[in-house]
Amino acid sequence: MKTLRERPTDMSAANAVALSPTVQAPALQLYPYQRRWVQDEARFKIAMFARQCGKTFTSTLELALDVMRAEAA
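This write-up is about the structure you can find in this document. Since the model is a prediction, treat every value here as computed from it, not as a measurement.

Conventions we followed
Residues numbered from 1 in each chain as written. Predicted model: local features only at pLDDT ≥ 70, side-chain atom pairs only at ≥ 80, totals over all residues. Heavy atoms only, no water. Helix = DSSP H or I, 4+ residues; strand = E, 2+ residues; numbered from the N terminus. Expected span 1.5 Å × (residues − 1). Buried < 20%, exposed > 50% of the residue type's maximum accessible area, 1.4 Å probe, protein only. Arc of directions from axis to C-beta. Contact = heavy atoms within 4.5 Å. Salt bridge = Lys/Arg side-chain N within 4 Å of Asp/Glu carboxyl O.

### Concerning helix α2 (residues 55-72)
An α-helix turns once every 3.6 residues. As a result, residues three or four positions apart point the same way. Between the first and last C-alpha of α2 there are 26 Å, a value that for 18 residues agrees with the 26 Å anticipated at 1.5 Å per step. Where α2 is concerned, the buried positions are T58, L61, E62 and L65. One side of α2 carries all its buried residues, which in axial view fall inside an arc of 100°. Facing away from the buried surface of α2 by more than 90 degrees, the exposed residues are T56, L63, A70 and E71. Buried residues along α2 sit in contact with α1 (32-39).

Right, dumping it as structure tokens:
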């Protein structure tokens, strides 16, 4: 049985998400809920996350992408 801390090993490259077509970086492997959170461009968002599920990583990724988009504009 997998624990929440373990990333599944069956995540293929097709399941990986390329977050920006202009940034030349390897695609990140995100869980579906993380992908939805990052791709949601709403000004205000509310979520209920479990412990140890990547809240900080996902939020930091979203902030970094916002900064890159602002700098590119």
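### Considering the pattern of salt bridges
Within this structure, the stated rule accounts for 2 salt bridges. With a shortest N-O distance of 2.5 Å, K45 and E62 are connected by a salt bridge. Taken together, the residues K45 in the loop between α1 and α2 and E62 in helix α2 connect sequence positions 17 residues apart. Between R69 and D66 there is a salt bridge, with its nearest N and O atoms 3.2 Å apart. Taken together, the residues span about one helical turn, with R69 and D66 both in helix α2 at a distance of 3 residues.

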